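# Structural overview
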Amino acid sequence: MSTFANTLILWQTQHGRHGLPWQGTRDPYAIWIAEIMLQQTQVMTVIPYYQRFLEAFPDIECLAKASIDAVLALWSGLGYYSRGRNLHKAACQMAEYHQGRFPQHAAEIQQLPGIGRSTAAAIAAFAYGERCAILDGNVKRVLTRYFGIIGYPGEKKTEALLWQKAEALLPEENAAQHMATYTQALMDLGATVCTRHQPRCSRCPLQPDCVAFREHRVASLPTPKPRKPLPSKETTFLILIDQDKILLEKRPSPGIWGGLWCLPERQMDNSSQIYCMQFLGMDAALFAELPPLDHTFTHFKLRIYTQLLQIINRPRRKTDHEIWITIDDALQLAIPAPVRKILLKTVFRQQLLAH
Ligand code: SF4
C-alpha cells in the first residue's frame, strides 16, 4: 500500500471522526443522503436534518413515493434546495428503472441526478469498498498543499491534475477492505486538520512529506479563485395579512427557490398597493416596513425589502400555487431561509405590538 494511504488509514483509526450517524452503515441509500446533505454544509448542521429525513423516508421507495413538498419541507433551512429536488428525482428514477435498488458501481451512481464524480465515488467506497477516488473541496485543499500544486483547483487543468494524483494515491492491497477508512480519513483530515484557516500541521500525519509545509506555502495554497465582485440585486417581499393569515406563493421550478413557498415578490416599480390590485386582484393598505435583509447566493447578493400590508378585500379564489396560512403554519412548510427570518421577525414585531 502507498505510504500516503497507509499513513492516512492508521491516522483515521486513531484520530479520525467516529460515531457520526451515517458512519458504520453500508446502506448506500443512507450514505447517499448523508453525502448530499454534507455538500456545502457543516456536519453539526446536517445531523438533525439527516435523522429527520431518514425517519421520514427510510428507503428509496418511501422517498420516491413522497411528494416533493414533503421532501422540501424536511430540507427547509438546509439551503441549496436543488439537492433536495435531485434526491427526490433520483429516488423516482431508481424506483422506476432499477427496481428500487441503488446502483452498485460509482460509474452508474454518477448517472443519477445531482450526483457528481466525487460523491458517486464516496458512496461506492463507503457502501461497496470500490476502489475509486474522491475529490471534494476538502480533498482538493489537502492535495494542493501536500503536492504544492499552484493553480485554482476549480480550473480544468488543475482539477485534472488533482484527479490524477487522487487516483494514484488510492490503497492498492486489499483495497476493498480499506477504501471506507481511507475515504473517511481524507475527509476527516481536510475537515479537522488541513483546514482552510489555521491548519494544524503539527498534528498532521502527512507533514513529513508535505510540500507546502516544507516550503512555507501553506497559507497561499490552494490558489484562491480569481475574484469578481458579486452583482447585487434588490427585491421587495410583501406580507399580505388577512386576519391571522398571510399569503404565500409557490415558486416556479426550475428557478431560485423553485418549488418552495415564498412571500409574494413585487416585480415592478409601482407601489405595492397597485401591484396587489393589478397582479393579485385585491386592495391592500401598507402599514409597516421591516428593515432590509441581505442574502447571499453563490452568484449574486440580494437585498430584500419587506412591506406589511393589510388586505381589504381578499378574493375567495383557490389555486394550487397560493395559500393563505398562519405564520406558525408557514414556518412548518418548505420555505427559503430568508423568508423564515422575515416571518420570525414579523412574529416578534407582532408580539411587541401586542404588549
Ligand atoms: S502538513 Fe499542514 S498543509 Fe500539509 S497536509 Fe498536513 S495540515 Fe495540510
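## A word on the overall build of the protein
Helix and strand counts for the protein stand at 15 helices and seven strands. Expressed as lengths along the three principal axes of its C-alpha atoms, the size of the protein is roughly 75 × 50 × 40 Å. The 355 residues of the protein split such that 48% are buried. Considering only contacts within the protein whose residues lie at least 6 apart along the sequence, 67% involve residues at least 24 apart. Total accessible area computed for the protein in this model is approximately 18,500 Å², and 51% of it derives from carbon and sulfur atoms. Averaged over its 39 positive side-chain charges, the protein has a centre that lies 6 Å from the centre of its 31 negative ones.

## A closer look at the domain arrangement of the protein
What the domain assignment lists for the protein is domain 1 (3-220) and domain 2 (232-354). Look at where the C-alpha atoms of domain 1 and domain 2 centre, and you get two points 37 Å apart. Listed by partner, the interface residues are eight residues for domain 1 and 16 residues for domain 2. At the boundary of domain 1 with domain 2, total buried surface from both sides reaches about 730 Å², with 49% on carbon and sulfur atoms. Viewed at the interface, domain 2 and domain 1 are joined by one salt bridge.

## Some points on the packing of aromatic side chains
Enumeration over the complete set of coordinates arrives at ten aromatic pairs. An aromatic cluster is present here, built from Phe237, Trp257, Phe297 and Phe300 joined pairwise through their rings. Just above the ring of Trp163 sits the side chain of Arg117; from NZ or CZ to the centre is 3.6 Å. Taking the ring centre of Phe147 as reference, the NZ or CZ of Lys165 above it sits at 4.6 Å.

## What about helix 13 (residues 272-280)?
Considered for burial, the residues of helix 13 that qualify are Ser272, Tyr275, Cys276 and Leu280. With its buried residues spanning 100° around the axis, helix 13 presents them on a single face. Contact partners of the buried residues in helix 13: strand 1 (232-242), strand 2 (245-250), strand 4 (265-266), strand 5 (284-296), strand 6 (301-311) and strand 7 (322-325). Of the residues flanking the start of helix 13, the one acting as N-cap is Ser271, its side-chain oxygen 3.2 Å from the backbone nitrogen of Ile274. At the C-terminal side of helix 13, Gly281 shows a positive phi close to 70°.

## Some words on the packing of helix 5 (residues 68-75) against helix 6 (residues 82-97)
Packed helix pairs are specified by the crossing angle of their axes together with the interaxial distance, meaning the distance between the axes. Where helix 5 meets helix 6, the closest approach of the two axes is 9 Å, and the angle between their N-to-C directions is 140°. The angle between the axes of helix 5 and helix 6 places the two elements in the oblique class. Crossing geometry of helix 5 relative to helix 6 is assigned as right-handed. Across the interface between the two elements, Ile68, Val71, Leu72 and Trp75 from helix 5 touch Arg83, Gly84, Arg85, Leu87 and His88 from helix 6. In the contact of helix 5 with helix 6, the residues fall into five nonpolar, two polar and two charged.

Procedures and definitions
- Residues numbered from 1 in each chain as written.
- Predicted model: local features only at pLDDT ≥ 70, side-chain atom pairs only at ≥ 80, totals over all residues.
- Heavy atoms only, no water.
- Helix = DSSP H or I, 4+ residues; strand = E, 2+ residues; numbered from the N terminus.
- Buried < 20%, exposed > 50% of the residue type's maximum accessible area, 1.4 Å probe, protein only.
- Contact = heavy atoms within 4.5 Å.
- Areas by Shrake-Rupley, 256 points an atom, 1.4 Å probe, with all protein chains shown as cover.
- Lys, Arg positive; Asp, Glu negative; His and termini not counted.
- Charge placed at Lys NZ, Arg CZ, Asp CG, Glu CD.
- Domains from an automatic or database assignment.
- Buried area = accessible area lost by both parts, 1.4 Å probe.
- Salt bridge = Lys/Arg side-chain N within 4 Å of Asp/Glu carboxyl O.
- Phe/Tyr/Trp six-rings, centres within 6.5 Å; stacked < 30°, edge-to-face > 60°.
- Lys NZ or Arg CZ within 6 Å of the ring centre and 35° of its normal.
- Arc of directions from axis to C-beta.
- Polar contact = N/O pair within 3.5 Å; in protein donor to acceptor, adjacent residues only side chain to side chain.
- Axes fitted to C-alpha atoms, helices over the stretch in contact; angles between N-to-C directions.
- Parallel < 35°, antiparallel > 145°, perpendicular 65-115°, else oblique.
- Left-handed = near helix turned anticlockwise from the far one by under 90°.
- Nonpolar A, V, L, I, M, F, W, Y, C, P; charged D, E, K, R; others polar.

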